[in-house]
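Structural description and commentary
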Amino acid sequence: MAITDELAQLREQTLARIAEADTSAALESVRVAVLGKAGTLTGYLRGMGKVAKEERAVVGKTVNEVRNVVEEALEARKKKLAAAEMEAAIDASAVDVTLPGRAQQMGTRHLINAITDEVSEIFLGLGYTVVHGPEVETDYYNFEALNAPKDHPSRSMQDTFYVRDLSGEASSVRGESDVLLRTQTSGVQVHVMEDQKPPIYIIAPGKVYRRDVADPSHLPQFTQIEGLVIDKGISFGDLKGTLDYFCKQMFGPDRKTRFRAHYFPFTEPSAEADVSCGVCGGTGHLHDGERCRMCKGTGWLEILGCGMVDPNVLAMSGIDPEEYSGFAFGVGVERVACLKYNVPDLRMLLEGDMRFLRQF
């Protein structure tokens, strides 16, 4: 069979395969088989040197004609298949406008952040300033400047996480470090008292860390808001009035407060503040006479610790205790959230269960 006849047969077979190709991938395989580096038509072009001189012009012309015909057929088929595939893709992804829509669920602030903002807004309305400080603190600002020297027994109540001190020439790594994760935001108050002259009216929100085992009423990491007032003529009456106002703003105008004597090393006198139970209305019993589980029948819920700033704390920060006095308080945000919404377990705030969190 003459080479020209072979080329004619190849052209007809290739055109038939192109017409049969029903996908772009199948069409590409035909192109590679015929026009690729190892394709049949390419093989004829590479073998032109073996063709007799008198036939070379005719064979070369025929090969080019076949290649042109095949390329035109491939391009035409490619456009037709692309259009068909595009139409199929559009049909597959078509939207049925008769179906009900799916609304995008909007996120909200976490309850802990929301309560922090709410407390801040209450005190901003009283003229306070919100300040922040480092979560990694030194022993001095976390304990000593707050009237708790190294041998003070109150430190055992706030055993915490010490970290490696890499600030000096030799790093402290075996427990002798004076750097720790703060156990309270009271250190921020010391920084403010050192840097700012009275009068001082601030609150200091932030995370604090203690070696507590997580249970319904304790967390190893929680959010605390501490308040500090330093001015002339500040009395315990100012403290009681401020906190009574805060509790009524946070929990409602019908809630009552009471103060019980307590001990804190950085305040004297010191007190624990309670708010009346919102579940039983402060009676300790429910409507059916059953003992209230929330307040354990007492009618009161512990809310925060407070007291008049100890004169030693004022003096260590460079403030004359003979001229100025003040009060301080500290409240746990998670505890406020649980008391406000009657949540029985602090851990529920941190478990990330959206069924619970979406309620607030």
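Whatever comes next refers back to the structure up there.
In this report, we go over the structure that sits alongside the text.

Next up on the list: the overall build of the chain. When its secondary structure is counted, the chain shows eleven helices and nine strands. Against the compact-globule benchmark of 21 Å for 360 residues, the chain has a radius of gyration of 40 Å, which places it well outside the compact range. For the chain, the residues scored as buried account for 40% of the 360 residues in total. Summing over all exposed atoms, the chain offers an accessible surface of approximately 20,600 Å²; the carbon and sulfur share of this is 53%.

In the structure shown here, the tally under the stated rule is zero disulfides. Here Cys292 is not disulfide-linked; the sulfur of Cys295 is the nearest cysteine sulfur, at 3.7 Å. On the accessibility criterion, Cys292 (1% relative accessible area) is buried. No disulfide involves Cys295; its sulfur sits 3.6 Å from that of Cys280, the nearest cysteine.

To continue, consider the pairing of strand β7 (residues 267-276). Among the ten residues that make up β7, eight are buried, leaving the element largely enclosed by the rest of the structure. In this sheet, β7 lies alongside strand β6 (residues 257-264) in antiparallel orientation, the contact comprising seven bridges. Looking at β7, one finds that Thr257 is bridged to Val275. Linking β6 to β7, which pair antiparallel, is a turn of two residues. Both β7 and strand β8 (residues 300-309) contribute to a ladder of eight bridges, which runs antiparallel. Bridge pairing in β8 links Ala273 to Leu304.

On to the pattern of salt bridges, then. Per the stated rule, a full pass over the model turns up ten salt bridges. Residues Lys248 and Asp244 are paired through a salt bridge, measuring 3.1 Å at the closest nitrogen-oxygen approach. Residue Lys248 and its partner Asp244 are located together in helix α8 (residues 236-251), separated by four residues, close to a single helical turn. Because the salt bridges share partners, they merge into one network encompassing Arg258, Arg260 and Asp274.

Note: most residues except glycine have negative phi, and most peptide bonds are trans. Cis geometry marks the peptide bond from Pro198 to Pro199; its omega dihedral reads 5°. Looking at the element boundaries, Pro199 is found in the loop between α7 (186-195) and β4 (200-209). Here the bond from Glu268 into Pro269 is cis, since omega is 0°, no more than 30 degrees from zero. On the secondary structure map, Pro269 appears in strand β7. For Lys296, which is not a glycine, the phi torsion comes out positive at approximately 60°. Assignment of secondary structure puts Lys296 in the loop between β7 and β8. Note on Lys296: relative accessible area 54%, which makes it exposed. For Asn342, which is not a glycine, the phi torsion comes out positive at approximately 55°.

A full pass over the atoms with the stated rule returns nine aromatic pairs. Taken together, the ring pairs in this structure connect Phe123, Tyr128, Tyr201, Phe246 and Phe329 into an aromatic cluster. A cation over an aromatic ring shows up here: Lys340 above the ring of Tyr341, its NZ or CZ 5.9 Å from the ring centre.

This part covers the nonpolar core. One recurring pattern in soluble globular proteins: nonpolar side chains tend to sit buried together. Residues Phe246, Phe251, Ile303, Leu304, Phe327 and Phe329 are the most contacted members of the largest nonpolar core, which totals 45 residues. If you look at the next biggest cluster of nonpolar residues, it comprises 21 residues, including Val131, Leu146, Val188 and Phe266.

Considering the arrangement of structural elements, one finds Arg77 in helix α4 (residues 53-92). It is Asp22 that comes nearest to the buried, bridge-free Arg77 among opposite-charge side chains, at 6.8 Å. Discounting chain neighbours no more than four positions away, the residues touching Arg77 are Ile18, Ala19, Ala21, Asp22 and Leu27.

For the rest of this paragraph, the subject is the sheet that holds β8. Here we have seven strands laid out as an open sheet, ordered β1-β4-β5-β9-β8-β7-β6, and mixed in their pairing. If you trace the sheet from one side to the other, it starts and ends with β1 (129-130) and β6, each paired once. Here two bridges tie β1 to β4, and the two strands are oriented parallel to one another. Looking at β4, one finds that Thr129 is bridged to Ile202. On the sheet, α7 packs against β4, β5 (221-231) and β9 (325-332) and is oriented at approximately 30° with respect to β5. Sheet contacts for α8: β6, β7, β8 and β9; angle to β8, the most-contacted strand, approximately 145°.

Reading guide: rules and limits
- Residues numbered from 1 in each chain as written.
- Predicted model: local features only at pLDDT ≥ 70, side-chain atom pairs only at ≥ 80, totals over all residues.
- Heavy atoms only, no water.
- Helix = DSSP H or I, 4+ residues; strand = E, 2+ residues; numbered from the N terminus.
- Rg over C-alpha atoms; globule rule 2.2 N^0.38 Å.
- Buried < 20%, exposed > 50% of the residue type's maximum accessible area, 1.4 Å probe, protein only.
- Areas by Shrake-Rupley, 256 points an atom, 1.4 Å probe, with all protein chains shown as cover.
- Disulfide = S-S within 2.5 Å.
- Pairing = 2+ DSSP bridges.
- Salt bridge = Lys/Arg side-chain N within 4 Å of Asp/Glu carboxyl O.
- Phe/Tyr/Trp six-rings, centres within 6.5 Å; stacked < 30°, edge-to-face > 60°.
- Lys NZ or Arg CZ within 6 Å of the ring centre and 35° of its normal.
- Core = buried A, V, L, I, M, F, W, Y, C linked by side-chain atoms within 4.5 Å.
- Lys, Arg positive; Asp, Glu negative; His and termini not counted.
- Contact = heavy atoms within 4.5 Å.
- Axes fitted to C-alpha atoms, helices over the stretch in contact; angles between N-to-C directions.

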